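The primary structure of each chain is shown beneath.
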Amino acid sequence: AFFWLVSLLLSSLIWFIAVKASDPQDERLQKGLLIFGVMFSVLLQEAFRFLYYKLLRKAIEGLVALSEDGCSPISIQQMAYVAGVGFGLMSGAFSMINLLADALGPGTVGIHGDSQLYFLTSAFMTMVLIFLHTFWGILFFHGCEHRRWWEIAAVVIMHLTVSGSSFCNPLYVGSLVPSYLLMAAAAAWAYLLSGGSAQNLRRFLLCKC
Amino acid sequence: MITFMNNSDSEEEPCNERTSLMSAGSPPVPSYQDGLQASEAGEAQAHRKRRAGSSRGPNNITGGEMSGSGVPVRESALENEEEELTLKYGAKHVIMLFVPVTLCMIVVVATIKSVRFYTEKNGQLIYTPFSEDTPSVGQRLLNSVLNTIIMISVIIVMTVFLVLLYKYRCYKFIHGWLILSSLMLLFLFTYIYLGEVLKTYNVAMDYPTLFIVIWNFGAVGMICIHWKGPLQLQQAYLIMISALMALVFIKYLPEWSAWVILGAISIYDLMAVLCPKGPLRMLVETAQERNEPIFPALIYSSAMMWTVGMAKPDTAARGPSQQTWDAAEDGREHLRSPSHAESQMSETRSSVPTRPVTSLEELEEEERGVKLGLGDFIFYSVLVGKAAATASGDWNTTLACFVAILIGLCLTLLLLAVYKKALPALPISITFGLIFYFSTDNLVRPFMDTLASHQLYI
């Protein structure tokens with residue numbers, strides 16, 4: 001969470017400087033700067049995820065060195081999951097919390113001609129982002145562990161895609177649908193990477209019934 | 001520590017002694033006394049437990065010294081076990097401190113957001129006499145710096161006064177002072193707080209009910225904090241009085257002064273705890289020399305001591321190590337809960353003769369606690385509360401400050417494990433908090449607002 005926050009800080013610093021240095025009247029430029037800001041922020045987030053991975057790697061080595069039986073009390077997969085959840089929660093909190101606070105007060109949604117589904121779609125989008133961050137955490141760390149650069153690249157591209165699709169808002173079908181599809185794909189991939197399989201799933205579901 | 005005096009406007013006291021995080025500190029005590037009484041053994045044992053809980057250092061030191069004094073070899077094996085256990089418990093300690101700090105902050109933020117009273121400007125404390133309603137920026141800055149200087153010097157004077165009192169063994173005076181200050185907190189401030197909350201929610205309450213409620217609250221609080229009581233109740237009371245104190249600060253400190261004071265007090269904390277002539281350090285060392293727990297009601301503790309004290313090996317070999325532990329323990333003042341310690345001590349003493357001697361390994365299994373000074377709680381909450389009160393970005397800023405403070409606390413605890421001596425808990429957290437507050441308010445807020453207005457997601 002802290003790392004996500006720092007990445008957000010740096011990216012907003014860059015955007016702020018860019019905005020201040022540019023002409024505030026030019027709409028297209030502002031929009032372009034915003035897009036640039038978003039993309040840069042995504043890249044920065046992934047960079048910080050990588051830094052966090054490095055930090056956790058060192059921590060695990062320290063733990064292993066200190067433990068009695070040579071294995072650390074927490075595995076890298078668990079750390080990946082926790083890191084992903086942390087990123088997701090922070091990102092979700094920052095996205096939603098002001099909205100929620102405003103939602104408590106009086107008002108009408110979309111009275112000025114904007115979409116009336118603003119709150120709903122924001123909620124769904126935030127949810128899908130949180131889930132995605134969790135899965136991306138697992139995928140990313142797995143890619144780093146096994147030196148599979150294409151996995152890391154896939155995560156980055158997915159993130160860029162999801163953020164980019166949010167540019168289609170308020171045409172919500174353009175942003176929500178792809179995001180949910182990507183989430184399903186990422187979920188399945190992360191599940192398989194974590195050792196799950198169709199048999200496990202079936203056994204789990206059958207045992208429950 | 002130098003909390004409240006007899007006058008009613010002595011609110012800033014808590015800042016002093018409370019602001020340090022003690023780690024298993026280790027000025028090695030050369031005096032190995034063989035004939036330790038059971039009570040001291042018990043104390044030391046409990047101390048040792050606490051100490052071991054927070055860092056690895058003392059373990060090593062103890063191990064080293066014990067072997068130095070000819071103690072059986074199992075100590076070295078113990079050392080490794082200690083290290084690992086310490087690491088394992090290290091994360092637990094972090095969590096044990098996260099929860100109360102978070103609770104305190106939640107109470108403060110919730111109150112700030114809902115009760116108007118604490119964000120209205122109704123005058124200032126006499127410790128910050130310069131007003132900030134000046135036309136020019138330079139004048140305002142100057143006033144806030146002057147306010148800070150006055151506040152910090154008051155704090156320094158109080159701290160030195162307290163240390164002198166402690167040095168010359170005026171215990172009764174100190175206890176009376178502390179009791180008076182917690183009385184004021186528990187009764188007066190609670191009354192004001194309750195009144196404001198009731199006003200906000202437009203709930204009517206008659207005076208007899210109010211009297212009964214506040215009387216019960218205050219009386220139980222006094223007993224819990226200064227004498228004995230269930231651990232969780234005591235923790236709850238300490239959190240509540242920290243929150244009340246933080247609310248008072250948030251209300252009565254003008255804006256710029258508050259930020260400058262926060263910065264200055266973390267620098268002061270750093271110097272007072274780490275410099276050889278710093279008052280807090282002297283307090284700690286004096287307490288160590290005398291093998292006494294420090295003052296009650298100023299430190300939050302997260303674990304029971306009597307459980308620790310239950311298994312006490314009485315071997316002579318333990319004597320010196322316990323002595324060391326004890327000394328190191330006292331070093332950890334600010335993070336320890338003296339009141340808790342005291343109550344536990346008395347229980348420990350009484351229970352010592354009846355407890356069987358257990359092995360060292362068994363001792364290691366017991367719960368170890370961490371302690372944090374209440375001043376730290378207060379200033380963390382002040383930072384987050386001010387962020388909630390004055391930031392126009394509202395919740396994002398508050399959340400960012402909250403995360404920053406918790407990470408700072410984590411780092412401080414890590415440093416504690418590495419350095420194993422009394423450490424100030426304020427500087428890292430407050431620095432992070434301030435950086436994040438100003439940067440989030442000015443940089444992140446416009447970015448997030450623009451993103452939200454276009455409904456873009458990053």
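Residues numbered from 1 in each chain as written. Chains lettered and ligands numbered in written order. Predicted model: local features only at pLDDT ≥ 70, side-chain atom pairs only at ≥ 80, totals over all residues. Heavy atoms only, no water.

Visitor: Help me out: how do you make sense of the overall build of chain A in this one?
Guide: A tally of regular secondary structure across chain A gives seven helices and zero strands. Going from the N terminus to the C terminus, chain A shows its helices and strands as α-α-α-α-α-α-α. Viewed in the frame of its principal axes, chain A has a C-alpha envelope of about 65 × 50 × 35 Å. With 209 residues in all, chain A has 41% of them scored as buried. Sequence-distant contacts in chain A: of pairs separated by 6 or more residues, those separated by 24 or more amount to 68%. Roughly 11300 Å² of accessible area belongs to chain A as shown, and the carbon and sulfur atoms make up 70% of that amount. Of note, chain A has its 12 positive side-chain charges centred 9 Å away from the centre of its 11 negative side-chain charges. (Helix = DSSP H or I, 4+ residues; strand = E, 2+ residues; numbered from the N terminus. Buried < 20%, exposed > 50% of the residue type's maximum accessible area, 1.4 Å probe, protein only. Contact = heavy atoms within 4.5 Å. Areas by Shrake-Rupley, 256 points an atom, 1.4 Å probe, with all protein chains shown as cover. Lys, Arg positive; Asp, Glu negative; His and termini not counted. Charge placed at Lys NZ, Arg CZ, Asp CG, Glu CD.)

Visitor: For this particular structure, what's the right way to read the interface of chain A and chain B?
Guide: You'll often see interface size given as the accessible area lost when the parts meet. The interface of chain A with chain B comprises 40 residues on the first partner and 32 residues on the second. Surface buried jointly by chain A and chain B totals about 3200 Å² across both partners, of which 73% is contributed by carbon and sulfur atoms. On the surface where chain A and chain B come into contact, there are zero salt bridges. Here chain A and chain B share one residue pair in polar contact (both at pLDDT 80 or more) between them. Among the secondary structure elements, those contributing two or more residues to the side of chain A that touches chain B are helix H1 (2-20), helix H2 (27-66), helix H3 (76-104), helix H4 (118-145) and helix H5 (149-165) of chain A. (Buried area = accessible area lost by both parts, 1.4 Å probe. Salt bridge = Lys/Arg side-chain N within 4 Å of Asp/Glu carboxyl O. Polar contact = N/O pair within 3.5 Å; in protein donor to acceptor, adjacent residues only side chain to side chain.)

Visitor: What is the right way to read the packing of aromatic side chains from this model?
Guide: Any two aromatic rings considered together are summarised by their centre-to-centre distance and by the angle between their planes. Residue and element names in this part refer to chain A. On inspection of all chains with the given rule, the structure shows 20 aromatic pairs over all chains. Through a chain of ring-to-ring contacts, three or more aromatic side chains come together here, namely Phe50, Tyr53, Phe140 and Phe141. When the ring centre of Phe140 is taken as reference, the NZ or CZ atom of Arg49 above it lies at 6.0 Å. (Phe/Tyr/Trp six-rings, centres within 6.5 Å; stacked < 30°, edge-to-face > 60°. Lys NZ or Arg CZ within 6 Å of the ring centre and 35° of its normal.)

Visitor: Looking at this structure, I do not really get the confidence of the model for chain B. What am I missing?
Guide: Should the pLDDT be low somewhere, the predicted coordinates at that spot are not to be read in detail. Residue and element names in this part refer to chain B. Averaged over all residues, the pLDDT of chain B is 70; the fraction at 70 or higher stands at 64%. Counting interchain partners and residues more than four positions distant, the pLDDT-below-50 stretch residues 1-19 has 98 contacts. Scored below 50 in pLDDT, residues 306-366 makes 207 contacts in the model with residues more than four places away or belonging to other chains. Interface confidence in the predicted complex, given as ipTM, is 0.84; pTM for the same model is 0.74. (pLDDT = per-residue confidence, 0-100.)

Visitor: Please explain the UniProt feature "transmembrane region" (unreviewed entry) in chain B as it appears in this structure.
Guide: All names here are of chain B. This chain's UniProt record puts "transmembrane region" (unreviewed entry) on residues 94-112, 145-166, 173-195, 207-227, 234-250, 256-275, 399-419 and 425-444. Strand forms 0% of residues 256-275 and helix 95%; the C-alpha atoms that close the span are 28 Å apart. Along residues 399-419 the backbone is 100% helical and 0% strand, and the end-to-end C-alpha distance reaches 30 Å. (UniProt positions renumbered as here; feature names shortened; annotations may be inferred.)

Visitor: What am I meant to see in the packing of helix H8 (residues 231-252) of chain B against helix H15 (residues 374-390) of chain B here?
Guide: For any two helices packed against each other, one specifies the inter-axial angle together with the distance between the axes. All names here are of chain B. Contact pair H8 / H15: the axes reach a minimum separation of 8 Å and the direction vectors enclose 50°. By the criterion of interaxial angle, the relationship of H8 to H15 is oblique. The two elements H8 and H15 cross, and the hand of that crossing is right-handed. Contacts between H8 and H15 involve Leu238, Ile241, Ser242, Met245, Ala246, Phe249 and Ile250 on the former and, on the latter, Leu374, Phe377, Ile378, Phe379, Ser381, Val382, Gly385 and Lys386. Residue composition of the contact of H8 with H15, grouped by class: 11 nonpolar, three polar and one charged. (Axes fitted to C-alpha atoms, helices over the stretch in contact; angles between N-to-C directions. Parallel < 35°, antiparallel > 145°, perpendicular 65-115°, else oblique. Left-handed = near helix turned anticlockwise from the far one by under 90°. Nonpolar A, V, L, I, M, F, W, Y, C, P; charged D, E, K, R; others polar.)

Visitor: Can you walk me through the UniProt feature "transmembrane region" (unreviewed entry) in chain A in this structure?
Guide: Residue and element names in this part refer to chain A. Feature annotation in UniProt places "transmembrane region" (unreviewed entry) on residues 31-52, 79-97, 117-140, 152-173 and 179-198, given in this structure's numbering. Measuring from the first to the last C-alpha atom of residues 31-52 gives 31 Å, for a span that is 100% helix and 0% strand. Secondary structure across residues 79-97 comprises 100% helix and 0% strand; the distance between its end C-alpha atoms is 26 Å.

Visitor: Mind showing me how you'd approach the pattern of salt bridges here?
Guide: Any two side chains of opposite charge can pair if their charged atoms end up close together. In this structure the tally under the stated criterion is six salt bridges over all chains. Here Arg49 of chain A ties to Glu46 of chain A by a salt bridge, and the two come within 3.1 Å at their closest N and O atoms. Separated by three residues within a single helix, Arg49 of chain A and Glu46 of chain A lie in helix H2, roughly one turn from each other. Accessibility assignment for this pair places Arg49 of chain A and Glu46 of chain A in one class, buried. Close ionic contact of Asp441 of chain B with Arg445 of chain B constitutes a salt bridge, the shortest N to O distance being 3.4 Å. Pair noted here: Asp441 of chain B and Arg445 of chain B are both in helix H17 (residues 426-454), with a separation of four residues, about one helical turn. For Arg445 of chain B, a relative accessible area of 25% corresponds to the partly exposed category.

Visitor: Looking at this structure, I do not really get a nonpolar patch on the surface. What am I missing?
Guide: A cluster of nonpolar residues, Leu10, Leu13, Ile14, Ile17 and Phe36 of chain A, forms a patch on the protein surface that exposes about 390 Å² of accessible area. The leading source of residues in the nonpolar patch is H1 of chain A, at four residues. (Patch = residues over 30% accessible without salt bridge, like charges linked within 9 Å, V, L, I, M, F, W, Y side chains within 5 Å.)

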